[in-house]
Amino acid sequence: MYLRKDKSRMIPIKKLQKFNSLKEVEAWKTMRLSYCTIFNELESSLQLEGCSISKFQILYTLYFDGPLKQVKLAEQSKVTKSNISTFMKRIESEKLVRKLFVDQEKRPKFILTNKGEKFFERIFPIHVSNIKKHIKPMPMSVNNYLSDITKSVETLHTMKENE
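Residues numbered from 1 in each chain as written. Predicted model: local features only at pLDDT ≥ 70, side-chain atom pairs only at ≥ 80, totals over all residues. Heavy atoms only, no water.

Concerning the pairing of strand 5 (residues 109-112)
So, step 1. Along strand 5, the buried face is formed by Phe110 and Leu112; none of Lys109 and Ile111, which line the opposite face, is buried.
So, step 2. Pairing of strand 3 (residues 68-69) with strand 5, which is carried by two bridges, proceeds in the antiparallel orientation. Paired with Leu68 across the strands is Phe110, a residue of strand 5.
So, step 3. In this sheet, strand 5 lies alongside strand 4 (residues 97-100) in antiparallel orientation, the contact comprising four bridges. Counterpart to Arg98 in the pairing with strand 5 is Ile111. (Buried < 20%, exposed > 50% of the residue type's maximum accessible area, 1.4 Å probe, protein only. Helix = DSSP H or I, 4+ residues; strand = E, 2+ residues; numbered from the N terminus. Pairing = 2+ DSSP bridges.)

Some points on the environment of Ser85
So, step 1. When you line up the elements, Ser85 lands in helix 5 (residues 81-93).
So, step 2. Residue classification places Ser85 among the partly exposed residues on the basis of a relative accessible area of 28%.
So, step 3. Distance in space between the C-alpha atoms of Ser85 and Ala74 is 9.2 Å, their sequence separation being 11 residues.

Concerning the packing of aromatic side chains
So, step 1. Under the criterion given, the structure shown has 12 aromatic pairs.
So, step 2. Measuring from ring centre to ring centre gives 6.2 Å for Phe56 and Phe124, while their planes differ by 25 degrees; the resulting arrangement is stacked. Of the two residues, Phe56 is situated in helix 3 (residues 53-65) and Phe124 in helix 6 (residues 114-134); the sequence distance between them amounts to 68 residues.
So, step 3. In this structure Phe56 comes out as buried when scored by relative accessible area, which is 6%.
So, step 4. On the accessibility criterion, Phe124 (23% relative accessible area) is partly exposed.
So, step 5. Each ring, one from Tyr60 and one from Phe120, has its centre 6.2 Å from the other, and the planes form 65 degrees; the classification is edge-to-face. (Phe/Tyr/Trp six-rings, centres within 6.5 Å; stacked < 30°, edge-to-face > 60°.)

A few points about helix 5
So, step 1. Between its terminal C-alpha atoms helix 5 stretches 19 Å, which fits the 18 Å expected from 13 residues at 1.5 Å a residue.
So, step 2. Of the surrounding elements, those touching the buried residues of helix 5 are helix 3, helix 4 (70-77), strand 4 and strand 5. (Expected span 1.5 Å × (residues − 1). Contact = heavy atoms within 4.5 Å.)

Looking at the sheet that holds strand 5
So, step 1. Strand order in the open sheet formed by three strands is 3-5-4, with antiparallel pairing between adjacent strands. This sheet does not close on itself; its edge strands, each paired only once, are strand 3 and strand 4.

So, the pattern of salt bridges
So, step 1. Taken as a whole and assessed by the stated rule, the structure comprises six salt bridges.
So, step 2. For Lys29, the salt bridge goes to Glu26, with nearest N and O atoms at 3.2 Å. Taken together, the positions of Lys29 and Glu26, both in helix 2 (residues 23-47) and three residues apart, correspond to about one turn of that helix.
So, step 3. Classification of Lys29 as partly exposed rests on a relative accessible area of 24%. (Salt bridge = Lys/Arg side-chain N within 4 Å of Asp/Glu carboxyl O.)

Keep in mind these values describe shape, not function.
Below is the structure:
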């Protein structure tokens, strides 16, 4: 029996199965399923408020850490650099953010407008309520474990970029 048939190769199920039962793969499957399930639920509830998850992440980052330049905003809000320009134009056209030119810097920083602050202050408590419905506080050991994974992956990513 084969899992995949194509002209280039045929992979027996037995070979793949040994990888599927590795503890690391089991952990990844659990995290992936949890993330996807929670992400979809939270995104659905945000969309009822007229907000995508990416838009929320940008507003959240600007509210708590702004003003920021576009590249830094992309990094902190975990929106890809290729998508941030499109999102910022859209959010700016909604008058939720504005550009802030500082001194002689060529690139502007972005800051929430009053309308953007009010919008975020309206949806954030709703979002927190939905988070609390679906996510229970984690033991510190789990929190640390997930933080370590994030740091490890970010370190590897940085090393690859600097090669």
